[in-house]
Structure formats: structure tokens, C-alpha cells
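Close look at the chain arrangement
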Protein chains: 2
Amino acid sequence: MSTSPSPAQDRRYMAAAIALSGRGRGLSTPNPNVGCLIVRDGHVVGRGWTQKGGRPHAEAQALEQAMDRARGATAYVTLEPCFHLSPRGPRCADLMARAGVARVVIALRDPDPRTDGQGAAWLRDRGVRVDMGLMADEAARAMAGFVLRQTLGRPHVTLKLGLSLDGRIARDDGASRWITGPEARAHAHMERARHDAILVGGGTLRTDAPRLDVRLAGLENRSPRRLVLTRGAAPAGWTPIATPDDIATLDRVDHLLVEGGAATAAAFLRADRVDRLMLYRAPIIIGAGLAGIGDIGLTDLTQAHGRWRLIDMRALGVDRLEVYERVRSA
Amino acid sequence: MSTSPSPAQDRRYMAAAIALSGRGRGLSTPNPNVGCLIVRDGHVVGRGWTQKGGRPHAEAQALEQAMDRARGATAYVTLEPCFHLSPRGPRCADLMARAGVARVVIALRDPDPRTDGQGAAWLRDRGVRVDMGLMADEAARAMAGFVLRQTLGRPHVTLKLGLSLDGRIARDDGASRWITGPEARAHAHMERARHDAILVGGGTLRTDAPRLDVRLAGLENRSPRRLVLTRGAAPAGWTPIATPDDIATLDRVDHLLVEGGAATAAAFLRADRVDRLMLYRAPIIIGAGLAGIGDIGLTDLTQAHGRWRLIDMRALGVDRLEVYERVRSA
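Residues numbered from 1 in each chain as written. Chains lettered and ligands numbered in written order. Predicted model: local features only at pLDDT ≥ 70, side-chain atom pairs only at ≥ 80, totals over all residues. Heavy atoms only, no water.

Under an unreviewed UniProt entry, chain A has the name Riboflavin biosynthesis protein RibD and belongs to Sphingobium cyanobacteriorum. A UniProt comment under Function (unreviewed entry) is attached to chain A, and it reads "Converts 2,5-diamino-6-(ribosylamino)-4(3h)-pyrimidinone 5'-phosphate into 5-amino-6-(ribosylamino)-2,4(1h,3h)-pyrimidinedione 5'-phosphate." (UniProt positions renumbered as here; feature names shortened; annotations may be inferred.)

1. So, the overall build of chain A
Along the backbone of chain A there are 10 helices and 15 strands. For the C-alpha atoms alone, the extent of chain A along its principal axes is close to 70 × 45 × 40 Å. Across the 330 residues that make up chain A, the buried fraction comes to 56%. By sequence separation, contacts in chain A at least 24 residues apart represent 72% of the contacts at least 6 residues apart. Accessible surface, chain A: about 14,100 Å² in total, of which carbon and sulfur atoms supply 51%. Side chains of chain A carry 47 positive and 36 negative charges; the gap between the two charge centres is 2 Å. (Helix = DSSP H or I, 4+ residues; strand = E, 2+ residues; numbered from the N terminus. Buried < 20%, exposed > 50% of the residue type's maximum accessible area, 1.4 Å probe, protein only. Contact = heavy atoms within 4.5 Å. Areas by Shrake-Rupley, 256 points an atom, 1.4 Å probe, with all protein chains shown as cover. Lys, Arg positive; Asp, Glu negative; His and termini not counted. Charge placed at Lys NZ, Arg CZ, Asp CG, Glu CD.)

2. Considering the UniProt feature "domain: CMP/dCMP-type deaminase" (unreviewed entry) in chain A
The sites that UniProt annotates as "domain: CMP/dCMP-type deaminase" (unreviewed entry) are residues 8-130 of chain A. The span residues 8-130 of chain A is 31% helix and 22% strand, and its two end C-alpha atoms sit 17 Å from each other.

3. Here's the deal with the pattern of salt bridges
When their charged atoms lie close together, side chains carrying opposite charge are able to pair. In total, this model carries 52 salt bridges over all chains according to the counting rule given. The shortest N-O distance in the salt bridge between D245 of chain B and R273 of chain B comes to 3.2 Å. Of this pair, D245 of chain B sits in the loop between β10 (239-241) and β11 (255-258) while R273 of chain B is found in the loop between α9 (262-270) and β12 (276-281), placing the two residues 28 residues apart along the sequence. The exposure class of D245 of chain B is partly exposed, given its relative accessible area of 42%. Via salt bridges that share partners, R154, D272, D275, R307, R326 and R328 of chain A belong to a single interconnected network. (Salt bridge = Lys/Arg side-chain N within 4 Å of Asp/Glu carboxyl O.)

4. Side note on the pairing of strand β1 (residues 35-40) of chain A
For a regular strand, the rule is simple: side chains alternate between the two faces of the sheet. All names here are of chain A. Counting buried residues in β1 gives 5 out of 6 residues, a clear majority hidden from the surface. As paired strands, β1 and strand β2 (residues 43-49) are joined by 6 bridges and run antiparallel to one another. Paired with G35 across the bridge in β2 is W49. Taking the residues between adjacent antiparallel strands as the criterion, β1 and β2 are bridged by 2 residues, where D41 takes a positive phi near 50°. (Pairing = 2+ DSSP bridges.)

5. A word on the relation of the copies chain A and chain B
Superposing chain A onto chain B takes a rotation of 180° plus a shift of 0.1 Å along the axis, which leaves an RMSD of 0.1 Å. Seen this way, the second copy is the image of the first under a two-fold rotation axis. Taking the C-alpha atom as reference, chain A places G167 of chain A closest to the rotation axis, 2.1 Å from it. Interface overlap between copies is the fraction of interface residues in one copy that are interface residues in the other; for chain A against chain B it reaches 100%, indicating a shared surface. (Least-squares fit on C-alpha atoms with pLDDT ≥ 70 in both.)

6. Examining the interface of chain A and chain B
The interface of chain A with chain B comprises 38 residues on the first partner and 38 residues on the second. When the area that chain A buries against chain B is broken down by residue, the three leading residues are R171, I285 and L301 of chain A, summing to 21%. Inspection of the region where chain A meets chain B yields 2 salt bridges. Residues R281 of chain B and E322 of chain A are paired through a salt bridge, measuring 2.7 Å at the closest nitrogen-oxygen approach. Taken together, the elements giving at least two residues each to the side of chain A that touches chain B come down to β7 (168-171), β12 (276-282), α10 (301-304), β14 (308-316) and β15 (319-326) of chain A. Partitioned by chemical class, the residues of the side of chain A that touches chain B number 23 nonpolar, 6 polar and 9 charged. (Buried area = accessible area lost by both parts, 1.4 Å probe. Nonpolar A, V, L, I, M, F, W, Y, C, P; charged D, E, K, R; others polar.)

7. Re the side chain of H255 of chain A
Residues and elements named next belong to chain A. With respect to the secondary-structure elements, H255 resides in strand β11 (residues 255-258). Owing to a relative accessible area of 1%, H255 belongs among the buried residues under this scheme. A polar atom in the side chain of H255 sits 2.9 Å from the backbone nitrogen of G145. Look past the residues within four positions of H255 in its chain and what remains in contact with it is R25, G26, N33, M143, A144, G145, P155, H156, R194, H195, D196 and A197. (Polar contact = N/O pair within 3.5 Å; in protein donor to acceptor, adjacent residues only side chain to side chain.)

Now the structure itself:
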């Protein structure tokens, strides 16, 4: 008989499962980037995250690692194990029950109507103890693209800006190199690998000809698809979209990174199509220069309040990263 | 025989003396805002800070509190006790020796040539143990106005800005009320009380007619002098100065707070007359609007780097305060 984890241990293991889910972010579409941890008698016996292209699922991978040690164990999954039949792989709820898992702790109930509670019910019917809702907010944040696809029918959008303390991205003449330092730039490159696609405006594409690739050792092949916001044609290797609303039509893009310039940032903010802000702030003052964000159509300052909440902050060399998320009431 | 404090206790007591020195900031001119703590056998027996107008000195006040308990005690002072004779009061070095203080711990050697080591020497000659240099940087920051008067011949200048995340202070039409919330506004009012004078630009004076007073219960009488940056005349109750350089001519102003607008902020930055930045940042995006800082004459982005260092940061309601200090190599 295996011992049962305490509530504090439950949280630690779920936090680890959420961290694992991050490894599939930007890779797992069309499937959600789920994370899974299997624990037996205080030992982690299996770890998994949804792999490139969506298969295997996190649970299948973790169960394969655990082998017969899954019997009597507790599994932590960031999303309710799937129940719907697919030609691409097994139903994870069924896999878990067959493996003899004693307890499944689930962060987020699957909003996909093909599962939506049925995975948990299937497990309970087979005598598996199921606890749902632990760290649901954190899990939803880690799988934000999937959640927004289900709720708003569009990808999750991160707007990234490299700013001076006074909100500038360049001098008046457009000189914008070397605002942030090497640590911030490396972090921004890693962030690219966590997105399915990156978008810039037509002006930025013409002026800067950005490569938008991931220039980090070992992650070169994680460079995401390249999109350009333009009403015209796009050069080879670039997908054009005409308006921010059109992101809803993108196939296999759960997480979209918008990298500028100011007019593009403003267009996405004006359309309320930004879910997360990543501000890389250098401790410099530029004064006269190009603002990072153009006209967002604000007609009253009171509208501006209550929309953004700071969720993370860290030092990157002399620079600082601030992450804000859009507050949306349910 | 009294017991001697440990090095860790020394630091704690000196930190307390530095905190006391803050109480005289904005009040103590023409004298430095010194703080003093007297400790005997683990008990604080005297506390003092330079009073309004510069007298009594911190040491005199602390010794008066301690009375005969000063004998054999340790005194912590943020600045070397004065040695020069003045018709306005006693020499603190002499006061300390006469009171029988056994040890004097000094943060900063007095750069004023009338003392400059002679206070410490006087004490040592009378058998008092003197330790100099403990937390000198922190003490210099707390008495920044005095230090800059001695080194650069001008007051210490703080530039305060209330900014959106994108560096705006108002919408295009000038609407600037309610960028930051009540906690940040209260903090900004308290900061006014820590300055001898506040300055705004001529445009701000004409447009906003700011009162620049301290609207906090119990601190109403701490409202500082009001200055305006203008080449013209100033209305009653306002002192005009024509250029940022002219702050050197101000009498009895050790700590100057510059509150804007954008052209005035830029003028002080361009003249390198800003020593501290206080950014009250609201988690809002304004987009098109008035920038907080105008043209500072930057011709090359590389010049912008290495000038500002974050020294404090705190949450004020939903807003955040960031404090930067100008990095100047010695």
C-alpha cells in the first residue's frame, strides 16, 4: 500500500507538472501543452509533457516511464485526461485506469466538450480517486493558448516590448539597437521558442528585415512561424494577416508573440487582442524618440485602469522584465 | 563597565541613526540632516536628528536625552561630529567628549573643511574610541543634499514622474488626472515634505496651477518652497530660476524636487542636474499621449547606458514606485 501525499506535497507536485507543461508550449498544437507527474511513495516515477504535434500526450509519456510503478500511484495532470476517441492515440483516462493509478489530481477540467468531465467520471467509475481544481489558475496560465482557443476562439497573444524607462523603443532617427543587454535578449529569444508564431508589422518587416529566429544553442530548430500584419502581400516565408481579428483563423497557432513596431502593438491593443505584456525595461532614458506603443484609441483615462495585472518580474542583467496579464472578468 | 556592541549590532544601530537622519531631511538647512543614536548596555538612551533650521544638532539632542547615561556609552552618528566654533551652538565633538561617551561610530567623515577629520581627532585625543566609515554610502544617500553641496556645489535633485507603462503622463488632450492611485499620490505628498523646495516648469504652472503643498494630516506645515523654471517673471509665492544650472545659487535648498512637465524634466536631464528618479508607474497603457520626458539631447544610444541604477522599488496599491540614482564615478 502506498502512502498518500499531503496537501502541501500535492501543491508541490502539481507545480512541477505545470512546469513540465511549459516544455510543450509552442510545440504541442493542435493539442494543449499538458504536463503530467506520477508519484509513488514519495518518488517521482514518471514525467511527461505533450510532445511536438500533440502526440504522445503527457499522461501516455509519463505512464510509459512509470511502467508497473504506476499501480497505486498518484498522477498529477494539468488538464483533465482526455476521454474522446482519436485515431491518433489512446484515451488517457482509460490508460490511467488500466495502469492501476490510485488517484488522479487534476488542475483544470477540460473545456473541450468531447471530454468536459467525462474523463474524470470514467476514472471515478473505475474506482480511481479524482481531485479536480488544484492550482487551476496557474495551469490555465500555462496552457493559455488552449484555454483561449476554447473560450474566445483565438490564440493567446503576448506583446513583447523592449523599452527605456520613458517608454521609448528607439531614438527619433530610428536607432533602436542595444536598448536592452545580452541577458534580456537571450531571454527574449527563449520566449520565441515558447510560441507557435511571431508577428511583426509591415513597416518593421520592410525597415528592419527581422529574422525572428531563436538564436540560442540547441533551440535553433524551435524558431516559430513568421507572420506579418499587412493588407498587402508578404514575402516568401511570411504569412500575411490583414487585421488583429484574423488571428482567429490561424491554424495550429495557440501562442502568438507580437514583436512590434509601435503601430502593430497599438493595433493589437486597440482590438483588445493582447493577453500578456512582456516589458523588457532598460535603465536608460532616451527622451525624444519613438514610443513603443502608438494610438490605441483611448478616449478616457478611466478606461485604461483595471486592465493589467503584474504577474512576474525579474532582473536580467541590468535590465528588468515585467510580465502583465490582461484582467478579464469571467 | 558597559558591554560593547557586536559588529552586527553596530550596523543595526547605525541603520537606525540613518533612519533618524531622514526626519530632518527638507528641514535642517543650512545644516546637514544628521542622525544620532546613543546606546548603553544594549539600551538606546538617546536619539536625535538635526532640527528645523539646523539647531540643535543631532548629537546635542541625543546627549540631552541620554543625560548621565551617555557616560561609557557608544554613540552612532551619520556624520563626523562638528568641530568648528559657531555662535549658534556648541561643538558636538567637544560635547561628546565632555559627556564621557566611550566610543563614537561615524558613518561619513565631514567633507566640510572646518571639520574634515578634526572632530574625530579631537575625540581620540580625549581617549574616546572612534570608528569611521560604517555604512558611509547609505549615510551619504540619506544626506545627499549636504554631500552634493560639498562636492558639486549644488542641491540634490530628485525628478518625480507619474507614468503609464508606456511612459506617458497624460493623454494627447492633456488629461492627466488619475494616472496613479491614492497610495501613490499620498507617497508623493510625503516625498514633498522631505524636500526644501519643489520646482515645476512655466508651462505647468500656467496650465495646471499646481499648489505643490503637502496634503497629509499633520504635515501641512511641511510644504516646501515653490520654484518655477522660467525666463520671465514668477507670480507671488514663487521663486523663478532661469536655467537648471541656477539651482547652485539657491540659498537653504539642499534637496530639490522637480515635478515636471516633460520639457522641465528634459531640461534638468540634459544639464545632468538629476541625481534621483522617482517613477510612480501605473499599470495602464495610454498609447498616444504626452511623454513624460522631452528631448534630452541624446545623440547616441550608448551614452544612455550606465547612468541609472535601481535602488528601491515598492508596491503602492496597484501602482509601483521605482527609485533610480544617477551613477557618478568618483
